[in-house]
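Below, each chain spelled out in residue letters.
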Number of protein chains: 2
Amino acid sequence: MDVVDGTKRIVVAVDESSESMHALAWCLSHLLPSDAVLVLLYVKPPPPPFYSFFDAAGYMLSGDATAEVQKLGTRMVQSVMDRAEAVCRDFNHGVSVERFVGTGDAREVICKAVDKLGADTLVMGCHGYGFMKRALLGSVSEYCSKHVKCPVVIVKHQ
Amino acid sequence: MDVVDGTKRIVVAVDESSESMHALAWCLSHLLPSDAVLVLLYVKPPPPPFYSFFDAAGYMLSGDATAEVQKLGTRMVQSVMDRAEAVCRDFNHGVSVERFVGTGDAREVICKAVDKLGADTLVMGCHGYGFMKRALLGSVSEYCSKHVKCPVVIVKHQ
């Protein structure tokens, strides 16, 4: 269901990187209007492929291992969101904060979430992928700035 | 000489496009702190190449034609800056506005100006080139968001 309640939503894409926390801090100090809701958006990577015992070419993940990966993913969401909310508290804005967690390719999930949330602005750090993935896929911020309809702020961490 | 006087400078790249005026309006309504200076940055295209009378393969531009091109360029600067300042007045901010005019490739001039001005943030519309040039060179905003050090806001005109 799309969010179309007229509330101004500033979406900040957060992940484990210090770049994304710096982007969040920039948003809090430069951009956030008092009547807006700040949405912390975290994208979990897609679950690892499951190979059966008989698929000799692949890796086998037992049920336990799969559950462990999922548990780690959930803990990572919690850790990033907690860190992000601590940054929000540091700015003492009394800002309304919502969490939004998606799963899949970061570029696509962010674009879809921005659309779904009717975001007023998307704020993101510059490096959401590691070096190799960025070299192969281009940066997340580059993709999002091309594909979302709302203004995009790309914040570098100097 | 670089500007390093501690003033917060928000640089907005303006051109003839309605996209850039929309980006300026977005900046005025969402971003501009009261103590910041708004710098309107316009980039004139490089002057056309001059071919001598003896260069049969090229076009010949007489002194008069060259002067005419320069005059048109100057009028264009004036027109864009006037339009941009009218947008600023509409927001009735009492904002401090400075003009900065460069000449050359828009992508390089904008990046150098942002550095030189010690800009706090760069704001730009999404389409600074025509379709063909954008297809060949990539968009100005894409280039700038990769190369400048400060946060970049890319504002789409929907």
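Criteria and cut-off values
- Residues numbered from 1 in each chain as written.
- Chains lettered and ligands numbered in written order.
- Predicted model: local features only at pLDDT ≥ 70, side-chain atom pairs only at ≥ 80, totals over all residues.
- Heavy atoms only, no water.
- Helix = DSSP H or I, 4+ residues; strand = E, 2+ residues; numbered from the N terminus.
- Buried < 20%, exposed > 50% of the residue type's maximum accessible area, 1.4 Å probe, protein only.
- Areas by Shrake-Rupley, 256 points an atom, 1.4 Å probe, with all protein chains shown as cover.
- Contact = heavy atoms within 4.5 Å.
- Salt bridge = Lys/Arg side-chain N within 4 Å of Asp/Glu carboxyl O.
- Polar contact = N/O pair within 3.5 Å; in protein donor to acceptor, adjacent residues only side chain to side chain.
- Core = buried A, V, L, I, M, F, W, Y, C linked by side-chain atoms within 4.5 Å.
- Least-squares fit on C-alpha atoms with pLDDT ≥ 70 in both.
- pLDDT = per-residue confidence, 0-100.
- Expected span 1.5 Å × (residues − 1).
- Axes fitted to C-alpha atoms, helices over the stretch in contact; angles between N-to-C directions.
- Left-handed = near helix turned anticlockwise from the far one by under 90°.
- Nonpolar A, V, L, I, M, F, W, Y, C, P; charged D, E, K, R; others polar.
- Pairing = 2+ DSSP bridges.
- Phe/Tyr/Trp six-rings, centres within 6.5 Å; stacked < 30°, edge-to-face > 60°.
- Lys NZ or Arg CZ within 6 Å of the ring centre and 35° of its normal.

Some remarks on the overall build of chain A
Argument step 1. A tally of regular secondary structure across chain A gives 5 helices and 5 strands.
Argument step 2. The order of helices and strands in chain A, counted from the N terminus, is β-α-β-α-β-α-β-α-α-β.
Argument step 3. A total of 158 residues make up chain A; the buried ones form 42% of that total.
Argument step 4. With the model as given, the accessible surface of chain A reaches about 8,600 Å², and the carbon-plus-sulfur share is 56%.

Quick word on the interface of chain B and chain A
Argument step 1. Contacts between the two partners involve 20 residues from chain B and, on the opposite side, 20 residues from chain A.
Argument step 2. At the surface where chain B touches chain A, the tally comes to 2 salt bridges.
Argument step 3. Residue glutamate 142 of chain B is joined to lysine 146 of chain A by a salt bridge in which the shortest nitrogen-to-oxygen separation is 3.6 Å.
Argument step 4. Summed over the shared surface of chain B and chain A, the number is 10 residue pairs in polar contact (both at pLDDT 80 or more).

Description of the nonpolar core
Argument step 1. Leu24 and Leu38 of chain A together with Leu24 and Leu38 of chain B are the most contacted members of the largest nonpolar core, which has 51 residues in total.
Argument step 2. Broken down by element, the residue count for this core peaks at 7 residues, all from helix H1 (residues 18-30) of chain B.
Argument step 3. Leucine 38 of chain B has contacts with Ile10, Val12, Leu24, Cys27, Leu28, Leu32, Cys88, Val95, Ser96, Val97 and Glu98 of chain B, leaving out every residue within four places of it along the chain.
Argument step 4. Counting 48 residues, the second largest nonpolar core, distinct from the first, contains Cys144 and Val148 of chain A together with Val43 and Cys144 of chain B.

A look at the relation of the copies chain B and chain A
Both copies of the chain are tied together by a single rotation about an axis and a shift running along it.
Argument step 1. For the match of chain B to chain A, the screw axis carries a shift of 0.0 Å, the RMSD comes to 0.0 Å, and the turn is 180°. Expressed as a symmetry operation, the mapping of one chain copy onto the other fits a two-fold axis. Every residue of chain B has its C-alpha some distance from the rotation axis, and the shortest such distance is that of valine 153 of chain B, at 2.1 Å.

Looking at the confidence of the model for chain A
Argument step 1. Across chain A, the average pLDDT comes to 82, with 77% of residues at or above 70.
Argument step 2. Between the elements of chain A, mean pLDDT differs from a low of 55, seen in helix H4 (residues 131-137) of chain A, to a high of 96, seen in strand S1 (residues 9-13) of chain A.

Examining H1 of chain B
Argument step 1. The end-to-end C-alpha distance of H1 of chain B is 18 Å, a good match for the 18 Å that 13 residues give at a rise of 1.5 Å each.
Argument step 2. When H1 of chain B is considered as a whole, its buried residues turn out to be Glu19, Ser20, Met21, Ala23, Leu24, Ala25, Trp26, Cys27, Leu28 and His30 of chain B.

Concerning the packing of helix H3 (residues 106-116) of chain B against helix H5 (residues 140-147) of chain B
Residue and element names in this part refer to chain B.
Argument step 1. H5 packs onto H3 with a crossing angle of 35° between their chain directions and a minimal axis gap of 9 Å. By crossing handedness, the relation of H3 to H5 is classed as right-handed. From H3, Ala106, Arg107, Glu108, Ile110 and Cys111 reach across to H5, where they touch Val140, Tyr143, Cys144 and His147.
Argument step 2. Its residues placed into classes, the contact of H3 with H5 shows 6 nonpolar, 1 polar and 2 charged.

Comments concerning the sheet that holds strand S5 (residues 152-155) of chain A
Argument step 1. Spatial ordering of the open sheet is given by S3(A)-S2(A)-S1(A)-S4(A)-S5(A)-S5(B)-S4(B)-S1(B)-S2(B)-S3(B), a layout of 10 strands whose pairing is mixed. The strands lining the two open edges of the sheet, one partner per strand, are strand S3 (96-103) of chain A together with strand S3 (96-103) of chain B. Pairwise comparison of adjacent strand axes, ignoring direction, gives a mean angle of 20° for this sheet.
Argument step 2. As paired strands, S1 of chain A and strand S2 (residues 37-44) of chain A are joined by 5 bridges and run parallel to one another. Within the sheet, the bridge partner assigned to arginine 9 of chain A lies in S2 of chain A and is valine 37 of chain A.
Argument step 3. In this fold helix H3 (residues 106-116) of chain A packs onto S1, S2, S3 and strand S4 (121-125) of chain A, with an angle of close to 150° to the strand it touches most, S2 of chain A.
Argument step 4. Packing against the sheet, H1 of chain B makes contact with S4 of chain A together with strand S1 (9-13), strand S2 (37-44), strand S4 (121-125) and strand S5 (152-155) of chain B, and its axis sits at approximately 140° to S4 of chain B.

Some points on H5 of chain B
Argument step 1. Turning to H5 of chain B, its buried residues number three or more, namely Val140, Ser141, Glu142, Cys144 and Ser145 of chain B.
Argument step 2. Here the buried face of H5 of chain B lies against helix H5 (140-147) and S5 of chain A together with H3, S4 and S5 of chain B.

Topic: the packing of aromatic side chains
Argument step 1. Counted by the stated rule, this structure contains 0 aromatic pairs over all chains.
Argument step 2. Just above the ring of tyrosine 143 of chain A sits the side chain of arginine 107 of chain A; from NZ or CZ to the centre is 4.7 Å.

Here's the deal with the environment of valine 95 of chain A
Residue and element names in this part refer to chain A.
Argument step 1. Looking at the secondary structure, you find valine 95 in the loop between helix H2 (63-90) and S3.
Argument step 2. In sequence terms valine 95 and valine 37 are 58 residues apart; their C-alpha atoms lie 6.9 Å from each other.
Argument step 3. Ignoring anything within four residues of it in the chain, the contact list for valine 95 reads Leu28, Leu32, Ala36, Leu38 and Cys88.

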